[in-house]
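Secondary and tertiary structure notes
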Amino acid sequence: MKHARNDGPDIAFRLARRVVATVADDMSTMQRVGAGIVAALVAITPFGAWSEVEAHADPLAAGTPVEVGPFEVKVVRVATVDEFAYLVPKPGNHLLGVVAEVTNTGEVPEYRATLGQAIPAPQNVAIVPKAALDELGADTAPDGGADPSADPAASADLGASEEAELPPATILSAKDGTTISVFNPGVTHRVALLWEQGGKWSGRTIPLEVIELEWIEESVVSLDNGYWLPNEVAYHGRIPVDAERPGAGSNQSGPSAEAGQP
Amino acid sequence: MRHGRRRITWKGTALVVGGVVAGCTLVTYVPQDTGVDEPFIVEGAVGEVLDLTYAELTVTEVRVADTLAGVAEAAAAGGTFIVVDASWRATQGETTFVGAEVTDARGRRFWPTDQAGCSILAKAQPGYAWRATYCFDVPRDALDGATVRLARGDQGEEHAGQRRDAVAVVDLGISGREADELWQATETVSPQEPGYALASAGGSEG
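Bear in mind that the values here come from a model prediction, so they are computed numbers and not experimental data.

About the thresholds
Residues numbered from 1 in each chain as written. Chains lettered and ligands numbered in written order. Predicted model: local features only at pLDDT ≥ 70, side-chain atom pairs only at ≥ 80, totals over all residues. Heavy atoms only, no water. Helix = DSSP H or I, 4+ residues; strand = E, 2+ residues; numbered from the N terminus. Rg over C-alpha atoms; globule rule 2.2 N^0.38 Å. Buried < 20%, exposed > 50% of the residue type's maximum accessible area, 1.4 Å probe, protein only. Lys, Arg positive; Asp, Glu negative; His and termini not counted. Charge placed at Lys NZ, Arg CZ, Asp CG, Glu CD. Disulfide = S-S within 2.5 Å. 1 Å grid on protein atoms, 1.4 Å probe; cavity = no way out; pocket = protein on both sides within 12 Å on 5 of 7 lines; lining within 4 Å. Points joined across faces, edges and corners; volume = space filled by probe spheres on them. Nonpolar A, V, L, I, M, F, W, Y, C, P; charged D, E, K, R; others polar. Pairing = 2+ DSSP bridges. Salt bridge = Lys/Arg side-chain N within 4 Å of Asp/Glu carboxyl O. Phe/Tyr/Trp six-rings, centres within 6.5 Å; stacked < 30°, edge-to-face > 60°. UniProt positions renumbered as here; feature names shortened; annotations may be inferred.

When you go through chain B residue by residue, the secondary structure sums to three helices and 14 strands. Relative to the 2.2 N^0.38 estimate, which gives 17 Å for 206 residues, the radius of gyration of chain B is 25 Å and therefore markedly larger than a compact globule would have. By its C-alpha atoms, chain B is 95 × 40 × 30 Å across when sized along the principal axes. In chain B, which comprises 206 residues, the share counted as buried stands at 42%. The centroid of the 18 positive side-chain charges in chain B is displaced by 20 Å from the centroid of its 29 negative side-chain charges.

Next comes the structure, spelled out in C-alpha cells:
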C-alpha cells in the first residue's frame, strides 16, 4: 500500500512493456527482427519518408532577376569571346561568358566565391574541366584563369571533358575586367562569369543552373558556423549565346578599354 | 521479491521537468555577460590622431570617386567608391592592420576592395608612419552618416578578431546634402601606393 500513490506515470510504461514482452515471447528471432523493421517503418512514416522527392527548379531566363541566397541575380546575356581582360585561353579554345547583374541584398558583404557556388559551370558544353587545367599548370585558384602558354594538344574534346569536374567561374567586372573580390550590400555589379570552352563547341544555347544557397547558422557536422551552403538546383534554363564580347551591352560604361578585346 | 528497482514517481518527474525548464529559462532570458568580448571603441574625426595603444591612427582624407585609376588597371564602381587615406604608426611592434570596414547609418557593413591598387590591409614596423588607401564600393544611401572602422583585428565573423581590443571608428563627415552631391559627381581618384607617410599626412617621417 505504501507504493499506491506513486503508480501514476509508471502504469503506462509497465503496461506497454508487458504487452511487448507477451507478444515477443511467442516470436522467433526472425519474427522479432521483422516486427522491429515494421515498427521502424511505421515510426518514420509521419516524417515524410515516403514522400516523392521532386525537383523544384524554376525556369531561368535572360532579363529576369532571381533571388539566390544573399544575391539577386539577373542574367543579361551569354557570349563567347577569344579573350577577356587577363584571361587568354589556349589556342583553339575560347571563353564562355555569362554576363549578369548581381546585387547583394543582405546587410553584410559577401565573397565572390559565394556567387561562384551559386552559378556552376554549364554542363555538356565543352567547358575545359578542372583536371585538365591542373595538368596544364594553369592557375587553378578558385577563380583562376587559363594559362595562355598551355599545350594546345590538351584541348578539351567534346564529350570527353564532361566527365571530369568542371571548374568554378572566374568572376570579373564586365565593365572593366577587374576582379571583384567582395559584393557589398546594395551595390549592383555587372559581372562576367567566365569559363574556358573547347573551340569545337558551336551550340546556340547553353543550359544554365542557379543553385539554391542555404544559410547555415550553426553547422551540425563541422565547426564552421555562419556560411552559405549550396543546396539543390533552384533555377534552370537555356540561355542563347551571342558570339560577342561578354562586357558588351546597352548598360556598358566605365573604363572598358581595360578589358580584353575579342 | 525484487530489490533495488527504481520507480518513476510523480514527484521525481516533476523535479526533473522543473529543473530542465528552470535551466532553459535562465539561458534564454538572463543576459549573458558579453561585455568582456566587446572591443574598446576609440571615436574620432578625419585628421584627428587616435591612440589605439598598439598604434596611432590618422584618417588623413576622405574622397568619393566613381572610377579608380591605378597603375595597372582602372575600376568602375558598382555604386560609388569611398576612398579613405589613413596613416598607421605602430607603437609596440610590427603590426598588421587587418580590420577595415565602412558602416552606414542603417548598420550595413561594407568591406574594402583591392581593385586598382587599393589596400585591404596595412603592415607597419614601429618608428615610422605607414600610409594606406582603402576603397569601399557603396550604394548611394550608404554615404550619409557613414563611418569607417579600422583596427588590427579582422572584422570577419562578427568582428571576432577585434574582441577586447582597441578599434577606431571615424566619422567620415558626409551629410545628407553632401551625399547627393558626391553621388552625382564623376570623379576619378588614383589611389596612393602604400608607403611611408609624410609628416603632413599624419606621419613624422621617421
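The next point concerns the state of the cysteines. Residues and elements named next belong to chain B. The tally for this structure, following the rule as stated, stands at one disulfide over all chains. Residue pairing for Cys118: its cysteine sulfur links by disulfide to Cys135, the two sulfurs lying 2.0 Å apart. The chirality of the disulfide connecting Cys118 with Cys135 is left-handed, given an S-S dihedral of about -70°. With Cys118 in the loop between strand S8 (112–113) and strand S9 (122–124) and Cys135 in strand S10 (residues 129–138), the pair connects residues that are 17 residues apart, well separated along the chain. On the basis of relative accessibility, which here comes to 0%, the residue Cys135 falls in the buried class.

Turning next to the layout of surface pockets. Over the atoms, a rolling probe the size of a water molecule traces out where space has been left empty. There is about 950 Å³ of room inside the largest pocket. Along the wall of the largest pocket there are 30 residues; nearest its centre are Pro109 and Tyr111 of chain A together with Trp111, Gly156 and Glu157 of chain B. Among the residues forming the lining of the largest pocket, the class breakdown is 13 nonpolar, eight polar and nine charged.

All names here are of chain B. Read across the open sheet, the five strands follow the order S1-S12-S11-S6-S7; overall the sheet is mixed. In the strand order of this sheet, the two ends are held by strand S1 (40–45) and strand S7 (109–110), each with one partner. Taken together, the five bridges between strand S6 (residues 99–103) and strand S11 (residues 147–151) define a ladder with antiparallel strand orientation. Counted as the bridge partner of Thr103 is Thr147 from S11.

Our focus in this paragraph is empty space enclosed by the protein. For the structure on display, the rule yields two cavities of 30 Å³ or more. Roughly 40 Å³ of internal volume is contained in the largest cavity. The residue makeup of the lining of the largest cavity, split by class, is three nonpolar, four polar and one charged. The volume enclosed by the second largest cavity comes to roughly 30 Å³. Ser173, Lys175, Ile180, His189 and Arg190 of chain A together with Ala76, Ala77 and Gly78 of chain B together form the lining of the second largest cavity. Listed by contribution, the elements that provide at least two residues to the lining of the second largest cavity are strand S8 (188–197) of chain A together with strand S4 (74–90) of chain B. Here the lining of the second largest cavity takes three residues from S4 of chain B, the largest share from any one element. Of the residues belonging to the lining of the second largest cavity, the class tally is three nonpolar, three polar and two charged.

Residue and element names in this part refer to chain B. Scanning the model with the defined rule gives 13 salt bridges over all chains in all. With its nearest N and O atoms 3.2 Å apart, the salt bridge here joins Asp141 to Arg106. A residue pair is termed long-range when its members are at least 10 positions apart, and Asp141 in the loop between S10 and S11 and Arg106 in the loop between S6 and S7 qualify at 35 residues. With a relative accessible area of 52%, Arg106 lands in the exposed category. For Asp165, the salt bridge identified is with Arg152, shortest N-O distance 2.7 Å. One end of the pair, Asp165, is in the loop between helix H2 (156–159) and strand S12 (166–171); the other, Arg152, is in the loop between S11 and H2, and 13 residues separate them in sequence. The exposure class assigned to Asp165 is buried, which follows from its relative accessible area of 12%. With relative accessibility at 30%, the residue Arg152 sits in the partly exposed group.

This next bit is on the packing of aromatic side chains. By the definition in use, this model includes eight aromatic pairs over all chains. For the ring pair Phe71 of chain A and Phe183 of chain A, a centre distance of 5.7 Å and an interplane angle of 75° mean the geometry is edge-to-face. Linking Phe71 of chain A in strand S3 (residues 71–81) with Phe183 of chain A in strand S7 (residues 182–183), this pair joins segments that are 112 residues apart in sequence. By relative accessible area, Phe183 of chain A is classed as buried at 0%. Every member of this aromatic cluster is reached through a ring pair, and the members are Tyr54, Trp88 and Phe97 of chain B.

The subject of this paragraph is the UniProt feature "transmembrane region" (unreviewed entry) in chain B. UniProt's entry tags residues 12–30 of chain B with the feature "transmembrane region" (unreviewed entry), counted in the numbering of this structure. Regarding residues 12–30 of chain B, the helix share stands at 95% and the strand share at 0%, and the terminal C-alpha atoms are separated by 26 Å.

In this section: the pairing of S3 of chain A. Residue and element names in this part refer to chain A. The buried fraction of S3 amounts to eight of the 11 residues, a majority that puts the element mostly inside the structure. Here strand S2 (residues 66–68) hands over to S3 after two residues, with Gly69 in that stretch at a positive phi of 55°. Relative to strand S10 (residues 227–242), S3 is paired through two bridges, and the arrangement is parallel. Looking at S10, one finds that Val78 is bridged to Val241.

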